Structures are given as C-alpha cells and as structure tokens.
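For reference, the chains in residue letters:
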Amino acid sequence: MSEERETEVIHSWSAPRSLSTSLMYSFAQRDDIEVLDEPLYAHYLKVTGVDRPYREELLSKMESDGNKVVKNIIYGPGKKKYRYCKHIAKARLPGLSDDLTKKGKHFILIRNPIDSLQSFDKVVPSSFHELGLADLVSVYSELSASGKPPPILDVAHLQQDPEAALRGLCEDLDIPFQDSMLKWEAGPKSVDGIWAPWWYKNVHKSTGFVQPVKYRPPFPQSLYDVLEQSLPFYNMLKSHARSTRFPKIPTPSLPVATNQKILVWVGDELLPRDNAMVSVFDSVVQGGDSVWEGLRIYNGKVFKLEEHLDRMFDSAKALAFNNVPTRDEIKEAIFKTLIRNGMFDNAHIRLSLTRGKKVTSGMSPGFNLYGCTLIVLAEWKPPVYDNTKGITLVTATTRRNSPNNLDSKIHHNNLLNNILAKIEGNNANADDAIMLDKDGYVSETNATNIFLVKKGIVMTPHADYCLPGITRATVMELVRKEKLVLEERRISLSEFHTADEVWTTGTMGELSPVVRIDGRIIASLNPEITQHRHWNGERDGS
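Just so it is clear, the structure is predicted and the values come from calculations on it, not from any experiment. (Residues numbered from 1 in each chain as written. Predicted model: local features only at pLDDT ≥ 70, side-chain atom pairs only at ≥ 80, totals over all residues. Heavy atoms only, no water.)

Undergrad: Please provide a residue-by-residue account of the sheet that holds strand 13 (residues 373-380), values included.
TA: Taken in spatial order, the six strands of this open sheet run 7-6-13-10-8-9, and their pairing is antiparallel. Of all strands in the sheet, those with a lone pairing partner are strand 7 (269-272) and strand 9 (301-302), marking the two edges. In this structure, strand 8 (residues 290-298) lies alongside strand 9, joined through two bridges in antiparallel fashion. If you follow Ile 297 over to strand 9, its bridge partner there is Val 302. Against the sheet, helix 14 (residues 305-318) touches strand 8, strand 9 and strand 10 (347-354), its axis set at about 175° to strand 8. Those strands touched by helix 15 (residues 327-341) are strand 6 (263-266), strand 7, strand 8, strand 9, strand 10 and strand 13, and its axis lies near 30° from that of strand 13. (Pairing = 2+ DSSP bridges. Helix = DSSP H or I, 4+ residues; strand = E, 2+ residues; numbered from the N terminus. Contact = heavy atoms within 4.5 Å. Axes fitted to C-alpha atoms, helices over the stretch in contact; angles between N-to-C directions.)

Undergrad: So what's going on with a nonpolar patch on the surface? Which residues, and what values?
TA: On the surface, Leu 416, Ile 419, Leu 420 and Ile 423 cluster together into a nonpolar patch covering about 370 Å² of accessible area. Checked against the element boundaries, Leu 416 lands in helix 16 (residues 416-427). (Patch = residues over 30% accessible without salt bridge, like charges linked within 9 Å, V, L, I, M, F, W, Y side chains within 5 Å. Areas by Shrake-Rupley, 256 points an atom, 1.4 Å probe, with all protein chains shown as cover. Salt bridge = Lys/Arg side-chain N within 4 Å of Asp/Glu carboxyl O.)

Undergrad: Would you mind going over the nonpolar core in detail, with residue names and values included?
TA: Note that soluble globular proteins tend to have their nonpolar side chains buried in a common cluster. With 70 residues, the main nonpolar core has Leu 23, Phe 27, Ile 74 and Tyr 84 as its most contacted residues. In terms of residues, this core owes the most to one element, helix 8 (residues 133-145), which gives six residues. What Ile 74 contacts, discounting residues up to four positions off in sequence, is Val 9, His 11, Leu 36, Pro 39, Leu 40, Val 69, Arg 83, Cys 85, His 87 and Leu 100. Core analysis: the second largest hydrophobic core is formed by 28 residues, Val 264, Leu 305, Ala 333 and Leu 374 among them. (Core = buried A, V, L, I, M, F, W, Y, C linked by side-chain atoms within 4.5 Å. Buried < 20%, exposed > 50% of the residue type's maximum accessible area, 1.4 Å probe, protein only.)

Undergrad: Any details on unusual backbone geometry? Residues and values, ideally.
TA: For Asp 174, which is not glycine, the phi torsion reads 60° and is therefore positive. Here Asp 174 shows up in the loop between helix 10 (162-173) and helix 11 (196-199). If you check the backbone angles, Ala 320 has positive phi at about 60° while not being a glycine. Relative to the elements of secondary structure, Ala 320 occurs in the loop between helix 14 and helix 15.

Undergrad: Could you give an account of helix 14, with specific residues and numbers?
TA: The end-to-end C-alpha separation of helix 14 is 20 Å, in line with the 20 Å expected for 14 residues at 1.5 Å each. Turning to helix 14, its buried residues number three or more, namely Leu 305, His 308, Leu 309, Arg 311, Met 312, Ser 315 and Ala 316. The buried side chains of helix 14 occupy one side of the element, clustering within an arc of 160° when seen end-on. In helix 14, the exposed residues that point more than 90 degrees away from the buried face are Asp 314 and Lys 317. Contact partners of the buried residues in helix 14: strand 8, strand 9, helix 15, strand 10 and helix 17 (470-481). Ala 320, located one to two residues past helix 14, shows a positive phi value of around 60°. (Expected span 1.5 Å × (residues − 1). Arc of directions from axis to C-beta.)

Undergrad: I'd like to hear about helix 10, residue by residue, with values.
TA: Helix length check: helix 10, at 12 residues, gives a terminal C-alpha distance of 16 Å against a target of 16 Å (1.5 Å per residue), a fit within 8%. The elements touched by buried residues of helix 10 are strand 1 (8-14), helix 1 (20-28), strand 4 (105-110), strand 5 (152-154) and helix 9 (155-160). Residue Asp 174 follows helix 10 closely and has a positive phi angle near 60°.

Undergrad: Talk me through the side chain of Asp 437; I want residue IDs and the actual numbers.
TA: Within the secondary structure, Asp 437 is located in the loop between strand 15 (432-436) and strand 16 (442-445). Here the side chain of Asp 437 touches Gly 440 through a polar contact of 3.0 Å, landing on its backbone nitrogen. Apart from residues no more than four positions distant in its own chain, Asp 437 is found in contact with Arg 399, Ser 443 and Tyr 465. (Polar contact = N/O pair within 3.5 Å; in protein donor to acceptor, adjacent residues only side chain to side chain.)

Undergrad: Please provide a residue-by-residue account of the pairing of strand 21 (residues 510-517), values included.
TA: Strand 21 sits mainly inside the fold: six of its eight residues count as buried. Two strands pair when backbone bridges link them, and strand 14 (residues 391-395) and strand 21 are joined in this way by three bridges, in the parallel orientation. The residue bridging Thr 392 from the neighbouring strand is Arg 516, located in strand 21. Note: strand 20 (residues 501-506) against strand 21, five bridges, orientation antiparallel. Among the inter-strand pairings, Trp 503 is bridged to a residue of strand 21, identified as Pro 513. Taking the residues that link successive antiparallel strands as the turn, the strand 20-strand 21 hairpin has three residues. In terms of strand pairing, strand 21 meets strand 22 (residues 520-521) through two bridges, oriented antiparallel. Residue pairing across strands places Ile 517 opposite Arg 520, the latter belonging to strand 22. The hairpin formed by strand 21 and strand 22 contains two residues between the paired strands, and Asp 518 there has a positive phi angle of roughly 50°.

Undergrad: Now, about the packing of aromatic side chains: what can you tell me, with residues and values included?
TA: For the structure shown, the criterion picks out 12 aromatic pairs. Between Phe 27 and Phe 107, the ring centres sit 6.4 Å apart and the planes meet at 25°, which makes this aromatic pair stacked. Of this pair, Phe 27 sits in helix 1 while Phe 107 sits in strand 4, placing them 80 residues apart in sequence. Phe 107 gets classed as buried once you look at its relative accessible area, which sits at 0%. Here Trp 184 and Phe 209 contribute two aromatic rings whose centre-to-centre distance is 5.2 Å and whose plane-to-plane angle is 90°, an arrangement assigned as edge-to-face. Of this pair, Trp 184 sits in the loop between helix 10 and helix 11 while Phe 209 sits in the loop between helix 11 and helix 12 (224-238), placing them 25 residues apart in sequence. With relative accessibility at 5%, the residue Trp 184 sits in the buried group. Among the aromatic residues, those joined into a ring-pair cluster are Tyr 41, Tyr 44, Tyr 54, Trp 195 and Trp 198. (Phe/Tyr/Trp six-rings, centres within 6.5 Å; stacked < 30°, edge-to-face > 60°.)

Here is the structure:
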C-alpha cells in the first residue's frame, strides 16, 4: 500500500449537466490522480435544505460540515500527486474556508444552457437558481480578483476535439497530458457519488467523449425564460474561454487598444462594448434600414453638431421614420456617452438611428411604429488617413448612386455601393477610390467629398450624386470667405488627373491631400489648404 503524501488539488467548477462527470472519469484514468465527486454536496443539502430523492442517505454517509470537508478531505493528504475535485458552483456557500479558492489549481467547465436545460429537467425542475450559472460567474470573478483567472473549457470544444481540448486544459493547469484520459470503461465507477443512479445513467453508457447530437429535439417553451435568464452568464464566461485551438471567427486587433473597454449608448442606456447590440429583428439588420452621422470631437466640442443633427433629421424624415428622438434627447445621449468614456479630444462618434424591429403582418413584412433605436458609438480614433504624406486614389468601376435609384442626400446605412468601390481601391493598393456618376463625371470617393485646384480656381463636383458633406460645406464657406473663386459643377476625371492640387474632405479623414490619382502624380500640394485642420475657430457644439 502506498504511503499518504501531500497532494496538489485540481478544482473543476461547473453548472449541472455540463459533462462534468465525463470529465471526472477522464481525469480518473490518469495514473497520477485521485478524484472526488462533489465533496461539498452534503454540506450544500444541509445548509440550504434543498430536497433531493437521495437526501437522507447522502447526509448519513457524507461529511456535511463544509469546513471539515475543505480541511480534511479536499486538502487532506493523499496517495497520488494530484487530487481532482469535481464541484458544482452553487455548492460554494458563504461561510466556507477561503482556502477552498485560494489554494490549488482551478478551472471552469461551461456548457450552453440550451443544451443542458432539458436533461437537467428530467430529475429536478429547472430554474435559474438550480442551473447555477450566476454562481459559476461568481467563482470566476473571485478567482480572477485574486490575480489568477481560471482557464475556461467549453463543452462544445471538448466534444468537437477531445484530445486538443484536454491537451489545452492540461497545458493551462501545468500538468502533463496522458492519452489514457480519452477513454474509460462503461458502467458505474467506484468514484461515483451516491446520487449516480439518478444522474449518471447516460454517462455510464459512455466510453469516451462523443460528438454532440446534430439535431436535438424542439426546445420546450416552458424552459425559454430560464434560458433567457442564464445565457448572459454563459456568454460572459464563453468570452474568456480557451478558443485558440477552435477558432471560428478571428477577433481583429483594435487600432486603438483603449477602445476595447468603452461604453456604448443603445436605445436609452449605456452598455459595455460587448453588450452593446441591436436585435437581429431590427430593420438595420434585416435591410440596412438606418441613418447615420459621423461626428468628431476637438478640445471638448463636437464639430458642426447642429449641422450633423439637421442632416440626420432630414434623412430620417426622407425615410419616413416614426417617433424619432428629439434633438435634445440625442444631444444628451451624445454628451453622456462622451463624458462617461472620458472622450474630450481626438475621438469620433458613429451616431445611428434604426427604424426598429421588423414585424410581419400576414404574408407581408412590415415595420413597427413604436420608435427608433438610437446608437451612439464613441471611439478613440485619430484621422483615418495620413494627412502629412497624402493619399492615393484610383477610379472605381462601381458608379455612384443616381437619385433615380437611391438619393445620396439621404445619409443611409445601405453602403454596399461604397463598399464595392472601396474593395476596388484595396485591390489596387490605393487609400480610397474615386466614384463616377452615371454619365462618367467625378462624384466623390467611396468615403469622402473631393476638391481640386486648377490655375487658382477651387472646384468640387455638385451634390446631385454625392452626399453634401458637412466638412465639404465648411471648406466651401472658407473658400468664399477668402475671396477665392469656387466652382461647383460637373468635373471630368481628366480634370482631376491634370489638377494642380486635389484634396478630400470628411469627418473621419478631415482634409487629406491627394498625391496620386490612377498613377498620375498631382503637380503640387498647398499645405496651407490641404493640411490646415483647425478652420480658425469654426468648430461648434459642446
């Protein structure tokens, strides 16, 4: 018989019906581990008074003093190097020794409640409390606050590729992986808790981790409320789960890292970045049915705020939006968002109004009439172009919208026309793309308005096929103020190719000098015009 020794404890924390027993069987196959099946279960039943079919038998055979369990059973001497403790998170009750979470190695096992609720309901009626995902988040938060965020393993990953998932978990726990973890014999195990006959019938049929059932039975409407209550907790934990071995959609790096933790206004409240969402039934998702404005923040002020709001209200009216928030309500949302994020300079706002949720009436789709959704997305964002070196443009084959099809004076979210042109620019390794109107005259770029100078005359395309930009209007006003000649007319592409200078205007890019168009070098750049960013106090708003 081997001698008792100090053993290192590995704590597995989960909610019920999360394949926690299968994972316990997996670890039990190792030659360096002993396992304990829910050692705090009797303590949980005694303190809470919760009824279970096996309650009396369990209380008579298991130690029900939780602190004795922690000291003598969980952290008592053992015969192997490691001790694996399977815990259900709701069993971690107040009054237990801090050693439970401060000592040992910990990890969290999660499962989407849409997959676990039905099997749980077969023994005990499902409820938010019984599922215990809030308790699991509490365990994660406490462990993270200690400076040691526990690794999180999603059951979906474990079923998809058991070996990769187990290797990753062992790596996170700093223990060697053993091939024996992938298989076990069918039938009851000596390590099973007293409750096994009620809960473990299916797992006793297993000999390893198997792929999940592809098509599950219909989800019961009776469990819908519990699912809705529990999913946010699962999603919070899922966002921290190990996923490098099972990437679905790569998360892009943010150009400005501080934008990872921002507050976004949606509807009538501020939400953390990852919680800022609109419904999949919203008309902006279903049909790009929304209007928007881009706002820029300088020295605590919003540039041309009133003009941007005027254009937003005009766009919403043109699209027949109902119950649009008032000007004061939108301003209040903007200012609250900026202040709470501490954004007073070098910031950009994407201000949006969506029509609302799409509904159906008979066979015809319709839209609700009870209000728009206001979105205020403020980010730390420098100008998108390098305005000290200038930008290059190419001419896109994609044409700008005609008023016969979709009037560009409506600042709408249906931007595929511009996106297709931008793709052409990207493929040509240019910063942006010039877009022509239906007759072949220059309209604007995929993202900005455009100006040229020829022999001292400032020219810009008329706004029949382009958005009449706020920054564009400001430049035109300054040109007139300086007593320069301004022409707003049809301009051919060759006139831009042969211009003395060209620049673009837009909220995100400010004033950007153009150094090359379709391979043609623009002859000169006037830094007094193309790089002047402050417009002599013309900013307004507050």
